[in-house]
Amino acid sequence: MSSDHPIGIFDSGIGGLSVLEHIRKLLPLENLIYVSDRGHLPYGNKHYDYILKRSQTISEFLLGQEVKAIVIACNTATAVAVGHLRQTYTLPIIGMEPGVKPAIRQSRSGLIGVLATQGTLTSRKFQALLRQHANGAEIIFCPCHGWVEAIEHNGHDHQETHKLVKQQLEPILEAGADTLVLGCTHYPFLRATIENIAGTDISIIDTGPAVARQLYRRLADQNLLSKEPSAGSETFWCSAATEQTQELLTKLRNKPTLVKALPEVSY
């Protein structure tokens, strides 16, 4: 493994771009490979074995691209697969988890709302996280039914997406939550929508920056930070129709983005 090898990032769809943005800011010299598994979206309502198989398939593809680290930019995939992938492969593997600990620390009322997919909320990894950090805090869970699909198909700023978010968010706000945890990498794209509904006094916790910092530390510890003098590149792959994904990524990134078709190979 060499410091000039790329970093692999994957998600069930385009949500992991919110993590990629933080990685790019912190690691401007690194080459990044992003895999969007939109052909198998969403992960949140899929069976454990299905998510594990997809995570391993994509990881094997990224290893074929000679990545030096893998970022699982998906909370559900992390909850299911990160332990298995770390036991299987020796390169650094960075996962996501909802920011319950910083949310409890920041909350004034002691009541927080966790916005996540059903798959994340019911996972053993998330339940262990709660046992470790909840410390008597009152936590309201919102499984956010349909949010990922709405973002992927309608866009984060679409009227129907706003309506869906408002409908599911209002009970949490009425209960008195003053801090919201974004427990899915798609949800940072809804930050403006959430603030519009909840007001700017609400605290919103996004763990994307923390993931980027952890990636930096792991690469630095293994002397794998890029030593190239020029800015790094980004390459995008997708398991769904590339034309639609290109349009979506171009809009989100505000610049033309080429997307390649991910080979459908099962490992």
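Residues numbered from 1 in each chain as written. Predicted model: local features only at pLDDT ≥ 70, side-chain atom pairs only at ≥ 80, totals over all residues. Heavy atoms only, no water.

Enquirer: Describe the sheet that holds strand S6 (residues 138-142), with residues and values.
Expert: Across the sheet, which stays open at both edges, the 4 strands sit in the order S6-S5-S7-S8 with parallel pairing between neighbours. Only two strands of the sheet have a single neighbouring strand rather than two, namely S6 and strand S8 (203-205). When strand polarity is set aside, the average angle formed by the axes of neighbouring strands in this sheet is 25 degrees. Sheet topology note: the strand S7 (residues 179-182)/S8 ladder contains 3 bridges and is parallel. Counterpart to Leu180 in the pairing with S8 is Ile204. Against the sheet, helix H9 (residues 191-198) touches strand S5 (111-115), S7 and S8, its axis set at about 155 degrees to S8. (Pairing = 2+ DSSP bridges. Helix = DSSP H or I, 4+ residues; strand = E, 2+ residues; numbered from the N terminus. Axes fitted to C-alpha atoms, helices over the stretch in contact; angles between N-to-C directions. Contact = heavy atoms within 4.5 Å.)

Enquirer: Could you give me a rundown of helix H2 (residues 48-64), with the residues and numbers involved?
Expert: Each α-helix turn comprises 3.6 residues. Residues three or four places apart therefore point the same way. Taking 1.5 Å of rise per residue, the 17 residues of H2 would be expected to cover 24 Å, and the 25 Å separating its terminal C-alpha atoms lies within 8% of that figure. If you check which residues of H2 are buried, you get Ile51, Leu52, Arg54, Ser55, Thr57, Ile58, Ser59, Phe61 and Leu62. Those residues of H2 that are buried are in contact with strand S1 (7-11), strand S2 (32-36), strand S3 (69-72), helix H3 (75-88) and strand S9 (234-238). Where H2 ends, the next residue or the one after it, Glu66, has phi of about 60 degrees, a positive value. (Expected span 1.5 Å × (residues − 1). Buried < 20%, exposed > 50% of the residue type's maximum accessible area, 1.4 Å probe, protein only.)

Enquirer: Quick rundown of the layout of surface pockets? Include the residues and the values.
Expert: When its volume is computed, the largest pocket comes out at roughly 410 Å³. Gly95, Met96, Glu97, Ala210 and Val211 are, among the 23 residues lining the largest pocket, the residues nearest its centre. Elements with a contribution of two residues or more to the lining of the largest pocket: H3, strand S4 (93-94), helix H4 (100-106), helix H6 (124-133) and helix H10 (208-221). No other element matches the 6 residues that H10 contributes to the lining of the largest pocket. By volume, the second largest pocket amounts to about 230 Å³. Lining of the second largest pocket is provided by 14 residues; of these, Tyr48, Val80, Gly119, Ser123 and Arg124 occupy positions nearest its centre. Of all the secondary-structure elements, those providing two or more residues to the lining of the second largest pocket are H2, H3 and H6. No other element matches H3, which puts 3 residues into the lining of the second largest pocket. Looking at the lining of the second largest pocket residue by residue, the class counts come to 4 nonpolar, 7 polar and 3 charged. (1 Å grid on protein atoms, 1.4 Å probe; cavity = no way out; pocket = protein on both sides within 12 Å on 5 of 7 lines; lining within 4 Å. Points joined across faces, edges and corners; volume = space filled by probe spheres on them. Nonpolar A, V, L, I, M, F, W, Y, C, P; charged D, E, K, R; others polar.)

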